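So you can see what is in the structure, the chains are spelled out below.
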Amino acid sequence: MTSSPPSSSDHQGPPAHRRGLPDLCLTWLVDGVPLLGHAHTEEATPDRAPGTFRVTSRLNVTTAEWREQSFSCQVEHTASGSFQEVTARSCSAPTASLIRTFVLPPSPSDLYISQTPKLLCLVTSLPSDEGLAVTWSRESGGHLRPPLPLQVTPQFNGTFSATSELPLAAGDWESGAAFVCRVSHAELPAPLERRLQRRQGKRLPPSVFLLPPPPEEISGPRPSLSLTCLARGFFPEAIDIQWHRDGHAPSASGGPAHPEVTPWEPRREQGGEGTYFLYSRLEVTRQEWEGGAAFVCTVVHEGLPLRFLQRRISRQPGN
């Protein structure tokens with residue numbers, strides 16, 4: 001896979017190349033945040049080498065965006081399990097005009113499963129941490145819980161990023177209360193403010209399908225197999241998919257039987273409904289699957305009656 005900056009007359013993103021069958025997931029990120037629905041990705045075509053394919057994805061950006069932001073192209077080839085990410089950005093020195101602030105809502109799992117929702121304020125392209133302060137307020141006034149300690153992280157390009165998390169009550173978020181993140185820095189002429197509240201409008205629950213390993217994979221030589229959980233037809237796009245094995249969350253300790261989860265970002269479905277779909281792949285050992293171990297896919301979304309839905313799968317006798 002290659003990545004190159006745009007020419008002075010055509011500010012577009014880099015093409016992506018992957019060897020093997022064109023079964024891949026391509027995602028664009030802007031300053032590390034996934035960008036949905038703004039790129040043009042062409043159909044896969046045969047490449048020069050026999051048995052290989054070429055896919056090109058173009059992201060149009062303005063000159064100002066190219067100077068102020070970094071752009072990353074993530075490509076995952078599901079058939080081979082390979083993953084690559086290439087980042088491109090202007091080489092100009094960081095200045096105050098490059099500082100960007102984003103506010104992110106609580107995850108569905110934090111809201112409805114652990115019931116510990118938090119808002120996230122992300123500050124990127126900081127030239128230093130001098131004079132940095134991040135504060136929270138509620139637009140209508142009132143008491144706020146203390147935010148978690150500010151986390152400042154150095155980046156590969158010499159800048160810094162900072163994250164501030166604000167714990168809040170689930171009822172405050174569900175009621176539509178608005179919150180404001182305010183960022184001050186020594187090189188900012190004035191503080192930056194970003195506002196966030198729960199999106200209003202329709203709520204459509206996902207349909208959930210849990211798929212076993214395909215027959216071609218089962219008959220192959222690989223020691224691991226893939227389970228796929230598909231959620232489709234949902235709105236808004238905020239959704240979480242969790243995997244459990246035999247009633248327990250996958251262990252983080254590793255080992256030969258440790259399953260691996262491959263996440264993707266929700267994508268808009270074709271058609272006029274404006275709904276989204278999402279795949280999640282769980283890699284398990286052949287020994288687990290053939291031994292009859294059961295696996296559970298849990299989907300968390302605000303459109304579901306109970307806010308979550310589970311599907312269970314295991315190898316059936318004779319398969």
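How each quantity is defined
Residues numbered from 1 in each chain as written. Predicted model: local features only at pLDDT ≥ 70, side-chain atom pairs only at ≥ 80, totals over all residues. Heavy atoms only, no water. Helix = DSSP H or I, 4+ residues; strand = E, 2+ residues; numbered from the N terminus. Contact = heavy atoms within 4.5 Å. Areas by Shrake-Rupley, 256 points an atom, 1.4 Å probe, with all protein chains shown as cover. Phe/Tyr/Trp six-rings, centres within 6.5 Å; stacked < 30°, edge-to-face > 60°. Buried < 20%, exposed > 50% of the residue type's maximum accessible area, 1.4 Å probe, protein only. Disulfide = S-S within 2.5 Å. Pairing = 2+ DSSP bridges. Axes fitted to C-alpha atoms, helices over the stretch in contact; angles between N-to-C directions. pLDDT = per-residue confidence, 0-100. Polar contact = N/O pair within 3.5 Å; in protein donor to acceptor, adjacent residues only side chain to side chain.

(A) How the structure looks around the overall build of the chain. Within the chain one finds five helices and 24 strands. A separation threshold of at least 6 residues defines the contact pool for the chain, and within that pool the share at least 24 residues apart is 61%. Counting only carbon and sulfur atoms, one obtains 52% of the accessible surface of the chain, whose full area is about 17,200 Å².

(B) Region of interest: the packing of aromatic side chains. One pass over the full model with this rule turns up three aromatic pairs. Between Phe-234 and Tyr-276, the ring centres sit 6.4 Å apart and the planes meet at 25°, which makes this aromatic pair stacked. Of this pair, Phe-234 sits in strand 18 (residues 224–234) while Tyr-276 sits in strand 22 (residues 276–285); the two residues are 42 residues apart in sequence, bridging distant segments of the chain. Here Phe-234 falls in the buried class, since its relative accessible area comes to 0%. Centre to centre, the rings of Phe-235 and Tyr-276 are 6.3 Å apart; their planes meet at 25°, and the pair counts as stacked. In this pair, Phe-235 sits in the loop between strand 18 and strand 19 (240–245) while Tyr-276 sits in strand 22, placing the two residues 41 residues apart along the sequence. A relative accessible area of 7% places Tyr-276 in the buried class.

(C) Spatial organisation of the state of the cysteines. Overall, the coordinates contain two disulfides when judged by the stated rule. Covalent S-S linkage joins Cys-121 and Cys-181, the inter-sulfur distance amounting to 2.0 Å. Taking the torsion about the sulfur-sulfur bond, which here is approximately -80°, the covalent link between Cys-121 and Cys-181 counts as left-handed. On the criterion of sequence distance, the pair formed by Cys-121 in strand 11 (residues 118–126) and Cys-181 in strand 15 (residues 179–184) is long-range, its members being 60 residues apart. You'll find Cys-121 and Cys-181 in the same group, each marked buried.

(D) A look at the sheet that holds strand 15. The three strands are arranged 12-15-16 in an open sheet whose pairing can be described as antiparallel. Looking along the sheet, the strands with just one partner apiece sit at the ends: strand 12 (133–138) and strand 16 (192–196). Taken pair by pair, the neighbouring strands of this sheet meet at an average axis angle of 20°, ignoring direction. Bridge count between strand 12 and strand 15: six bridges; the pairing is antiparallel. Its bridge partner being in strand 15, Val-134 is matched across the sheet by Val-183.

(E) Geometry of the pairing of strand 8 (residues 70–77). Burial analysis of strand 8 places eight of its eight residues in the buried class, the great majority of the element. The side-chain alternation of strand 8 yields two buried faces, one formed by Ser-70, Ser-72, Gln-74 and Glu-76 and the other by Phe-71, Cys-73, Val-75 and His-77. Bridge analysis of strand 2 (residues 24–30) against strand 8 gives seven bridges, and the strand direction is antiparallel. What sits directly across from Val-30, in strand 8, is Phe-71. Inspection of the sheet shows strand 8 paired to strand 9 (residues 82–89) by eight bridges, in the antiparallel sense. Along strand 9, the bridge assignment pairs Val-75 with Gln-84. Between strand 8 and strand 9, which pair antiparallel and follow one another directly, the connecting turn spans four residues, one of which, Gly-81, has a positive phi of 75°.

(F) Here's a closer look at the confidence of the model for the chain. Looking at the chain as a whole, its pLDDT mean stands at 83, while 85% of the residues score no less than 70. The model gives residues 7–21 a pLDDT under 50, and that stretch makes 51 contacts with residues more than four places away or in other chains. Scored below 50 in pLDDT, residues 250–259 makes 13 contacts in the model with residues more than four places away or belonging to other chains.

(G) View of the environment of Asp-110. Along the polypeptide, Asp-110 turns up in helix 2 (residues 108–112). Along the chain, Asp-110 and Asp-240 lie 130 residues apart, while their C-alpha atoms are 9.6 Å from each other. Setting aside residues no more than four positions away along its own chain, Asp-110 makes contact with Gln-115, Thr-116, Pro-117 and Lys-118.

(H) Spotlight on the side chain of His-301. With respect to the helices and strands, the residue His-301 is situated in the loop between strand 23 (295–300) and strand 24 (308–313). Overall, the relative accessible area of 0% leaves His-301 in the buried class. Of note is the side chain of His-301, whose polar atom sits 2.9 Å from the backbone nitrogen of Gly-303. Each residue touching His-301, except ones within four places of it in the same chain, is listed here: Leu-204, Pro-205, Pro-206, Phe-234, Phe-235, Pro-236, Ala-238, Ile-239 and Arg-307.

(I) Fine view of unusual backbone geometry. Residue Pro-236 is bonded to the preceding Phe-235 through a cis peptide linkage, with omega at 0°. Counting through the fold element by element, Pro-236 comes out in the loop between strand 18 and strand 19. One non-glycine residue, Asp-31, adopts positive backbone phi at about 55°. Looking at where Asp-31 falls in the secondary structure, it is placed in the loop between strand 2 and strand 3 (33–35). If you check the backbone angles, Gln-115 has positive phi at about 55° while not being a glycine. The topology assignment puts Gln-115 in the loop between helix 2 and strand 11. Since its relative accessible area comes to 59%, Gln-115 is described here as exposed.

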